[in-house]
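# Fold and contact review
Listed below, chain by chain, are the residues.
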Amino acid sequence: MTIVSRVTADPAIMAGAPAIRGTRITVSAVLGQLAAGSTVEELVADYPSLTRDDVLAALAFAAETMPQERPFIAA
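As a starting point, this report considers the structure included with it. What you are looking at is a predicted structure, and each value in this text was computed from that prediction instead of being measured.

## Considering the environment of L56
- If you trace the backbone, L56 turns up in helix α4 (residues 52–65).
- Looking at L56, the relative accessible area reads 27%, which means it is partly exposed.
- Through-space distance from the C-alpha of L56 to that of I3 is 8.8 Å; in sequence the pair is 53 residues apart.

This is the structure we're talking about:
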C-alpha cells in the first residue's frame, strides 16, 4: 500500500481537501471519526467504499504531513 495510490487532492473534489481516491471521504473525516472513538472496522462498515487500507493510508498521510516534532521544553 502506498499513500499516493489511496489519498489524492483534487481541486474539483471536496475543494481540494485530501480525500480517499475515488470517494468524497476526506482524510480529515476519517481522522475525526477515529479520534471520536470509532474503530477501523466501524468505519469500513459505515462507509462501504472504504477499505482497511484506505483508513491506514489516511493515518499514514496525516503522520507524514505533520510538522517534525519539536522537543518540549518545560518553562
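## Section: α4
- For α4, built from 14 residues, the straight-helix expectation of 20 Å at 1.5 Å per residue is met to within 8% by its first-to-last C-alpha distance of 20 Å.
- Buried residues of α4: D54, V55, A57, A58 and A62, and no others. The arc that holds the buried residues of α4, viewed along the axis, is 160 degrees, so those residues lie on one side. With respect to the buried face of α4, the exposed residues turned more than 90 degrees away are R52, A63 and E64.
- Residues of α4 that are buried in the fold lie against α1 (3–6), β1 (7–8), β2 (19–20), α2 (27–35) and α3 (40–46).

Criteria and cut-off values
- Residues numbered from 1 in each chain as written.
- Predicted model: local features only at pLDDT ≥ 70, side-chain atom pairs only at ≥ 80, totals over all residues.
- Heavy atoms only, no water.
- Helix = DSSP H or I, 4+ residues; strand = E, 2+ residues; numbered from the N terminus.
- Buried < 20%, exposed > 50% of the residue type's maximum accessible area, 1.4 Å probe, protein only.
- Expected span 1.5 Å × (residues − 1).
- Arc of directions from axis to C-beta.
- Contact = heavy atoms within 4.5 Å.

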